[in-house]
Amino acid sequence: MAAAAGFDFRRWRLVLLGGLLVGIVLFAAIFAPWVAPYSPFDLDVTQMLQGPSAAHWLGTDELGRDVLSRAIYAARISMQVALLAVSVGLVGGTLIGMTAAYFGGLVEQALMRAMDLLFSFPAILLAVVLMASLGTSVLNAMIAIGIVFIPGFSRLARASTQAVLRQQYIEAARSIGMSDARIIFREILPNIMAPLMVEAAVAFAYAVLLESALSFLGLGAQPPDPSWGNMLSTGRGFMAQAPWLSIVPGMAMFICVLGFNLLGDGLRDVTDPHMRE
Amino acid sequence: MDIRSRALENGRPTLSVRDLTVDFPKRSGSFRAVDGVSLDVWPGEIVGVIGESGSGKTMTALSTLRMLPKRAVVSGSIELGQRRILDLSPAEMRKLRGDRLSFIPQDAMRALNPTMRIGRQVGEPLVLHRNLSFKAAVSRAVDLLRAVHVREPERRVEDYPHGFSGGMQQRAMIAMGLALEPELIIADEPTTALDVTVQAQVLKLLKEIRDREKTSILFITHDLGVVSELCDWVYVMYRGKVVEQGSVERIFTEPREDYTKMLLASTPTLFPREAS
Ligand SMILES: Nc1ncnc2c1ncn2[C@@H]1O[C@H](COP(=O)(O)OP(=O)(O)OP(=O)(O)O)[C@@H](O)[C@H]1O
Ligand SMILES: [Mg+2]
């Protein structure tokens, strides 16, 4: 079928472009110790606030640390936070949404009311409140952002599950004596993965932004650990003398967020059944 | 009355439905989709249920599987072997489905899970009811597919449903239904979605299964031609009731009820003599 017809570049170009950008960021994050030219923590007071040069491609910060290296290590933190946060949202939201749709009735009403309540809080406010009660740390930031994602994933999972439940193969599964739990995990889950993955890619971009925002506010990664958010926060104080302190983490965020958004959009187009054939 | 030869040979019917009613509550009163239906399927017998759209055929079949919509209210009795279906717990009922009792739906294409390989799906009843491993179930699926004349079953078990033609998908559904040698197969218009030649092959297959396994089959259709070709005994349903029953020969040669006569007359090409 499709494979035999050859690779349709046009259909996949957004996925490829997004995947490339995401790939660069992920590569930098995973291999930071090998990719980064310097340690992100090494101070060099003789090299404070130097502009881009052969030794420091993207300049140095107010303590003489290599900005490129810090931006690369920051990708690590961002990816970790986003990965855990999206996982929390994806797993929690999918379980809640599938359960609500499958059992219906009071179970569904109770679960979705709770989700509405959670959803009605502004995301950043919810994260700040959660951090205030859990304490500020990167781990808590991840959990807070993850909880913010649960309502969105649960709504999507519920709607997708409802659509799958109308399919005859669910009736067929019941007719051979399959249990509810098995129907949910074996029959329904694989059939709602595509929209969930699209949402996950978009959520990833949002998680990166949220983590940066929290770090910018001093609620995420704590100095001296580098994060795009706290680098921006520092850079703000040197906007005139050293604009690269703001531009570099800004660009890194931009590439990362753009990459995940393109990937999400592309996956949506590729997996949307209406666009097949 | 007609004589059901198989009833004389064998002591007990496989399926015995008595005074079955299915009601759907409505804002005022309720709608009776099945109205006092009684029917029997004897061992090794293929019994047809025929009637126009909305006459309650599917609701009768779903009652037997206990798979009616949640809001439906059922009364009467249904016995499969010695089991009183309507009195079983949900867990007991689940053990029966796919094991002693199989269901073959109208549209095989949509009854197969698009994300699961054919072998896995055909073997699933063995995993559910016989605790077979994934591998063992798939290797049994190869035999089952061969038994329903799917060619190169070793290779085909690896396919996803969209790689199967309509006729092959229906064969796969039948193979799944046969996996545990059920006492009764309920087929709800299993050939409606297929073209005429493929339809004939599937009917032949069902007959073959009956002859080989002595399985009882309850066959729902609104196609008189199919009934005449396949069934031993026929129930004619109209507005939730059984209006007439009899052997296929008798129903086709000397229908008694006006509704049956009308049904026969509406398909004149099949039986030109009766129609004229
Ligand atoms: N969920 C439901 N709620 C209310 N009424 C229903 C429901 N499902 C079916 N019915 C009604 O029950 C009646 C019998 O339906 P059934 O599906 O058994 O007919 P059928 O004989 O199988 O028809 P067809 O040949 O079209 O499949 C129909 O009038 C239908 O409108
Ligand atoms: Mg029907």
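Everything below is about the structure shown above.
Residues numbered from 1 in each chain as written. Chains lettered and ligands numbered in written order. Predicted model: local features only at pLDDT ≥ 70, side-chain atom pairs only at ≥ 80, totals over all residues. Heavy atoms only, no water.

Visitor: Please set out the pairing of strand β7 (residues 184–188) of chain B residue by residue, giving values where relevant.
Guide: Residues and elements named next belong to chain B. Of all the 5 residues making up β7, 5 are buried; the element is thus mostly covered by neighbouring parts of the structure. Alternating positions in β7 separate into two faces, Leu184, Ile186 and Asp188 on one and Ile185 and Ala187 on the other, with burial throughout. Here strand β6 (residues 101–104) runs beside β7; their pairing, made up of 4 bridges, is parallel. Paired with Leu101 across the strands is Leu184, a residue of β7. (Buried < 20%, exposed > 50% of the residue type's maximum accessible area, 1.4 Å probe, protein only. Helix = DSSP H or I, 4+ residues; strand = E, 2+ residues; numbered from the N terminus. Pairing = 2+ DSSP bridges.)

Visitor: Now, about the pattern of salt bridges: what can you tell me, with residues and values included?
Guide: Residue and element names in this part refer to chain B. In this structure the tally under the stated criterion is 32 salt bridges over all chains. Residues Arg32 and Asp23 are paired through a salt bridge, measuring 2.9 Å at the closest nitrogen-oxygen approach. The salt bridge partner of Arg117 is Glu158, with a shortest N-O separation of 3.9 Å. Of this pair, Arg117 sits in the loop between α4 (108–111) and α5 (118–130) while Glu158 sits in the loop between α7 (153–156) and α8 (166–178), placing them 41 residues apart in sequence. By relative accessible area, which is 36% here, Arg117 ends up partly exposed. According to the relative accessible area criterion, Glu158 is partly exposed, its value standing at 43%. Salt bridges linked by common partners bring Arg83, Asp99, Arg100, Arg130 and Glu183 together as one network. (Salt bridge = Lys/Arg side-chain N within 4 Å of Asp/Glu carboxyl O.)

Visitor: Go over the interface of chain A and chain B with me, naming the residues and quoting the values.
Guide: In this assembly, 17 residues from chain A lie in contact with 25 residues from chain B. The junction of chain A with chain B conceals about 1800 Å² of combined surface from both sides, 56% of it contributed by carbon and sulfur atoms. The largest contributions to the chain A side of the interface with chain B come from Gln168, Ser175 and Ile176 of chain A, which together make up 32% of the buried area. In this structure, the connection of chain A to chain B is made through 2 salt bridges. Here Glu124 of chain B ties to Arg186 of chain A by a salt bridge, and the two come within 4.0 Å at their closest N and O atoms. Along the contact surface separating chain A from chain B lie 7 residue pairs in polar contact (both at pLDDT 80 or more). Residue assignment for the side of chain A that touches chain B shows that the elements contributing at least two residues are α7 (168–175) and α8 (180–216) of chain A. With 6 residues, α7 of chain A is the single largest residue contributor to the side of chain A that touches chain B. For the side of chain A that touches chain B, the residue count by class is 7 nonpolar, 5 polar and 5 charged. (Contact = heavy atoms within 4.5 Å. Buried area = accessible area lost by both parts, 1.4 Å probe. Polar contact = N/O pair within 3.5 Å; in protein donor to acceptor, adjacent residues only side chain to side chain. Nonpolar A, V, L, I, M, F, W, Y, C, P; charged D, E, K, R; others polar.)

Visitor: How would you explain unusual backbone geometry if you had to name every residue and give the values?
Guide: Here the residue pair Pro223 of chain A and Pro224 of chain A is connected by a cis peptide bond, since its omega of 10° sits within 30 degrees of zero. In this fold, Pro224 of chain A is placed in the loop between α8 and α9 (228–236). The phi angle at Arg239 of chain B is positive, at roughly 50°, despite the residue not being glycine. Take Arg239 of chain B: its relative accessible area is 63%, and that puts it in the exposed class.

Visitor: Got a sec to walk through the site of ligand 1? Specific residues and values, please.
Guide: Residue and element names in this part refer to chain B. Around ligand 1 sit 15 residues in total, of which Ser53, Gly54, Lys57, Thr58 and Met59 are the nearest. Within the backbone of Gly54, an N or O atom sits 2.8 Å from an oxygen atom of ligand 1. Between ligand 1 and Arg71 there is a distance of 2.9 Å, counted from a nitrogen atom to a side-chain nitrogen or oxygen. Considered on its own, ligand 1 offers 630 Å² of accessible surface; in the complex 68% of this is hidden by protein. Among the elements of the structure, β2 (30–41) and α2 (57–65) are those that each provide at least two residues to the shell around ligand 1. Of the residues forming the shell around ligand 1, the biggest block, 3 residues, is contributed by α2. Residues of the shell around ligand 1, tallied by class, amount to 5 nonpolar, 6 polar and 4 charged. (Near = heavy atom within 4 Å. Areas by Shrake-Rupley, 256 points an atom, 1.4 Å probe, with all protein chains shown as cover.)

Visitor: Outline the sheet that holds strand β9 (residues 233–238) of chain B, supporting the account with residue identities and numerical values.
Guide: Residue and element names in this part refer to chain B. Pairing is mixed in the open sheet, where 6 strands are placed in the order β6-β7-β8-β3-β9-β10. Edge strands, defined here as strands with exactly one partner in the open sheet, are β6 and β10 (241–247). Neighbouring strand axes in the sheet, compared pairwise and without regard to direction, differ in orientation by 15° on average. Direction of pairing for β9 relative to β10: antiparallel, over a ladder of 6 bridges. Each bridged residue has a counterpart across the sheet, and for Val234 the counterpart in β10 is Gly246. Sheet strands in contact with helix α12 (residues 258–265) are β3 (46–51), β9 and β10, and its direction is about 105° off that of β9. (Axes fitted to C-alpha atoms, helices over the stretch in contact; angles between N-to-C directions.)

Visitor: Go over the packing of aromatic side chains, please, and point to the residues and values.
Guide: Residue and element names in this part refer to chain A. Considering all chains together, one arrives at 7 aromatic pairs over all chains under this definition. Consider the rings of Tyr102 and Phe103, whose centres lie 5.1 Å apart with planes at 80°: the pair is edge-to-face. Ring geometry for Phe204 against Phe260: centres 4.3 Å apart, planes inclined by 20°, an arrangement best described as stacked. In this pair, Phe204 sits in helix α8 while Phe260 sits in helix α10 (residues 244–271), placing the two residues 56 residues apart along the sequence. Among the residues examined, Phe204 registers a relative accessible area of 11% and is labelled buried. By relative accessible area, Phe260 is classed as buried at 5%. Geometry around Phe119 places Arg155 over its ring, the cationic atom sitting 4.0 Å from the centre. (Phe/Tyr/Trp six-rings, centres within 6.5 Å; stacked < 30°, edge-to-face > 60°. Lys NZ or Arg CZ within 6 Å of the ring centre and 35° of its normal.)

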